[in-house]
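Survey of secondary and tertiary structure
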Amino acid sequence: QSTWGSRFNGRRKMVKIIITGASGLLGRALMDVFHVHDCTGFVYTRTKPGDARYRRVDLTNPAETRAAILDINPSVIIHAAAERRPDKCEKQQEDAWNLNVDCVRTICQAAAEVNSFLIYISTDYVFDGTNPPYAPDATPNPLSFYGKSKLAGENVVRELLSNAAILRVPILYGDIEELGESAVTILVRSLLEKNPTSVDNWQKRAPTHVLDVATVCLQLVDRYLSSGMGAGTWHWSNSEEYTKYGMTVVIASILGLDSSHISPDTAVPVGAPRPYDCRLACTALRALGIGQETPFVEGVKNVLTKFQIAHPFHP
C-alpha cells in the first residue's frame, strides 16, 4: 500500500494499462471505457493491424507474455481473456486449463515483477446455483470444468498477488461483431430460422451489458489509484433475471419477429453441467458507490438495432 501511495500521491492520473482479450466482447468495451488511460490491448486471433493500441501476444507462451508485460511496465492489468464456452471447456479440458489457469499464473508472476494492480475477470459459474444470491465470500462449488478452471484461476491470483481484484460476472452481452459472439444475441438465430425448436426455460440468468462491467472495472481502478483500496473479491451483475426462453421472447418483441415456433424447455440442459441460479449479490460494490446497470430491454435493443443497421437480417 505504501508503494502505491507514493507512486500516485493520492491523485488520479493517466496510467499505463494492459487489457488482455482486447478484441473480444468484453475486451472491446474495456478498451472503449479505459480510453482515458494509456491502454495496450493484448490480442491474438483477432489482430488489429496498424492500430498502435493493440499488440499481438500469445498468452499461452509464458516467455512472450512476460516480455510484453515487462516491456510496457503497466500500473494495471485487466485479464479478460478466457475460454468462456462451458461445452468447449468440457470437451477440450487441457486447452481450457492452459488459458484459464496456466496463463493466469504467468500474468500474475509478471504483474508482481512490475507491481501492477490486477483485475481478474471471473464468473458466476464458480457456484453451484442451489443457494442464491451469492455474496463474494460464499463458498464456491463449480459444477462444470469451466467453473472449476475459473476458480483455479482465482486461486492462482490469491496465491501470487495481494494487489488484485477478482471480479465475478454473469452472462454478458454488448456490441457484437456477429450474433454468435454472445450467448444472448445468438438467440436471434432461432427466431430467424423459423424451424420449430425449444429454448431453455430452466436456468435463471442475469444478462449484463459489457459496458456496465467495464465501467465497474474503471471505478475499481480509480479507487485503487486514488486510495490504494480495491483489492479483494467482488461481484457485479444486472439485477434482472431471465431464462434463455424469456430473453428470446424479449428479443422477438424488440425485432418484431414471430416467436410462435419456439417453445419453452423446462428440462435441465444437456452438455456441460449448468447451475440453476447463480444470482450474484452486488451489495459490497454498491456500498462503495461503484456500479452501473443497464436495463436488459434497453441494452439489448440498442445492441441489436446497431447490429441490424450494419448487418441487415430479414425474417
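Our subject is the structure listed above.
Throughout what follows, the structure given in this document is the object of discussion.

With that settled, consider the packing of helix H5 (residues 93-114) against helix H6 (residues 145-160). Put simply, H5 and H6 touch, their axes get as near as 9 Å, and they point 15° apart. Judged by the angle between their axes, H5 and H6 are roughly parallel. Along this stretch, H5 crosses H6, giving a crossing that reads as right-handed. Across from Gln-93, Ala-96, Trp-97, Asn-100, Val-101, Val-104, Arg-105, Cys-108 and Gln-109 in H5, the residues of H6 making contact are Phe-145, Tyr-146, Lys-148, Ser-149, Lys-150, Ala-152, Gly-153, Val-156, Val-157, Glu-159 and Leu-160. When grouped by side-chain class, the residues that make up the contact of H5 with H6 number 11 nonpolar, 5 polar and 4 charged.

Moving on: the pairing of strand E6 (residues 164-169). The element E6 is extensively covered by neighbouring structure, given that 6 of its 6 residues are classed as buried. Here 6 bridges tie strand E5 (residues 117-123) to E6, and the two strands are oriented parallel to one another. Pairing of Ile-119 across the sheet is with Ala-165, part of E6. For the crossover that starts at E5, traverses H6 and ends in the parallel E6, the hand is right-handed.

Take the packing of aromatic side chains next. Applying the stated criterion across every chain, the model contains 7 aromatic pairs. Arranged with centres 5.5 Å apart and planes meeting at 85°, the rings of Tyr-173 and Phe-296 form a pair that is edge-to-face. Of this pair, Tyr-173 sits in strand E7 (residues 172-173) while Phe-296 is found in helix H11 (residues 296-310), placing the two residues 123 residues apart along the sequence. Each member of the pair, Tyr-173 as well as Phe-296, carries the same accessibility label: buried. Residues Trp-202 and Tyr-276 carry aromatic rings whose centres are separated by 5.2 Å and whose planes lie at 50° to one another, so their mutual orientation is tilted. Taken together, the residues span a long stretch of sequence, with Trp-202 in the loop between strand E8 (197-200) and strand E9 (208-209) and Tyr-276 in the loop between strand E11 (262-265) and helix H10 (283-287) at a distance of 74 residues. Connected via pairs of aromatic rings, a cluster forms that spans Tyr-173, Tyr-242 and Phe-296.

Cut-off values and rules
Residue positions are given per chain, counted from 1 along the sequence in the order it is written. Residue-level local features of this predicted model are given only where pLDDT is at least 70; pairs of side-chain atoms are given and counted only at 80 or more, and the full residue set underlies all totals for whole chains, interfaces and linings. Here the side-chain values reflect all heavy atoms present in the structure, with hydrogen atoms and water set aside. Here an axis means a line fitted to C-alpha atoms, over the contact stretch when the element is a helix, while the angle between two N-to-C directions is reported on a 0 to 180 degree scale. Only DSSP runs of H or I with at least four residues qualify as helices, and only runs of E with at least two residues qualify as strands; both kinds are numbered from the N terminus onward. The labels follow the angle: roughly parallel below 35 degrees, roughly antiparallel above 145, roughly perpendicular from 65 to 115, and oblique for the rest. Crossing handedness: left-handed means the near helix sits turned counterclockwise from the far one by under a right angle, and right-handed means the same turn made clockwise. By the convention used here, residues are in contact when the closest approach between their heavy atoms is within 4.5 Å. Throughout, the ten residues Ala, Val, Leu, Ile, Met, Phe, Trp, Tyr, Cys and Pro are labelled nonpolar, Asp, Glu, Lys and Arg are labelled charged, and all others, Gly among them, are labelled polar. To sort residues, take the accessible area from a 1.4 Å probe on protein chains only and compare it with the maximum for the residue type: under 20% means buried, over 50% means exposed, and anything in between is partly exposed. For two strands to be treated as a pair, DSSP must find no fewer than two bridges joining them. Whether a crossover is right-handed depends on one test, that the path from the first strand over the helix to the second runs clockwise when the strands point away from the viewer. Any two rings among Phe, Tyr and Trp, with Trp reduced to its six-membered ring, count as a pair given centres within 6.5 Å; such a pair is stacked if its planes are under 30 degrees apart, edge-to-face if over 60, and tilted if neither.

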